[in-house]
Amino acid sequence: MTKTQKIWLWISLAMFFIPEIFFSPIISFFASLYGVTNFSFLYEHFINPQFFIDNPIYLFIILSIECLGMLGLLIYNIKFNQHRYKIVLTIITTLILILLLFIFFVGYAVTNMG
C-alpha cells in the first residue's frame, strides 16, 4: 500500500468515525426505532438534542460527510483490498452506506413535512 493510499484511507476513516462518535446518527436512528427515550451520548454534552430538529442543515452536513467517508472506504476496499475478507467488508460497507442514505432521506422527508 502506498503512502497516498494510506492517507486517503485515514481521511475516509476520519470522515466516517469522527461525526459518528460525536453525534452518532446511526445509533440514534436505531434507538428511536426501538423507543429508547433516555438516549445519552457524547453529543448531548456539547449541544442540545433539539438543535438538529431546529437546524436540519447541520444534520445534513454531518450525514453528507459520513456518506462521503463511507463511500471512500467502499472505493478503497474495492480497488486496493487484497485480503480474503474483501467480499464481506464490501457488503458491510455497502449496507452502512445504504443505511446512511436512508437516514439522510428520512431526515429530509421529516423536515419537509410541514
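This text gives an overview of the structure that appears in the document. Every value quoted in this text rests on a predicted model; they were computed, and no experiment measured them. (Residues numbered from 1 in each chain as written. Predicted model: local features only at pLDDT ≥ 70, side-chain atom pairs only at ≥ 80, totals over all residues. Heavy atoms only, no water.)

**Notes on the overall build of the chain**
Right, on to step 1. When helices and strands are counted, the chain shows six helices and zero strands.
Right, on to step 2. Sorting the 114 residues of the chain into buried and exposed places 30% on the buried side.
Right, on to step 3. In the chain, the share of contacts with a sequence separation of at least 24, taken over all contacts with a separation of at least 6, comes to 62%.
Right, on to step 4. Total accessible area computed for the chain in this model is approximately 8,000 Å², and 74% of it derives from carbon and sulfur atoms. (Helix = DSSP H or I, 4+ residues; strand = E, 2+ residues; numbered from the N terminus. Buried < 20%, exposed > 50% of the residue type's maximum accessible area, 1.4 Å probe, protein only. Contact = heavy atoms within 4.5 Å. Areas by Shrake-Rupley, 256 points an atom, 1.4 Å probe, with all protein chains shown as cover.)

**Quick word on helix H1 (residues 3–23)**
Right, on to step 1. Look at H1: 30 Å from first C-alpha to last across 21 residues, which is about the 30 Å you get at 1.5 Å a residue.
Right, on to step 2. All of the buried residues along H1 are Gln-5, Leu-9, Ser-12, Phe-16, Pro-19 and Glu-20.
Right, on to step 3. The first or second residue beyond H1 is Ser-24, which carries a positive phi of 45 degrees. (Expected span 1.5 Å × (residues − 1).)

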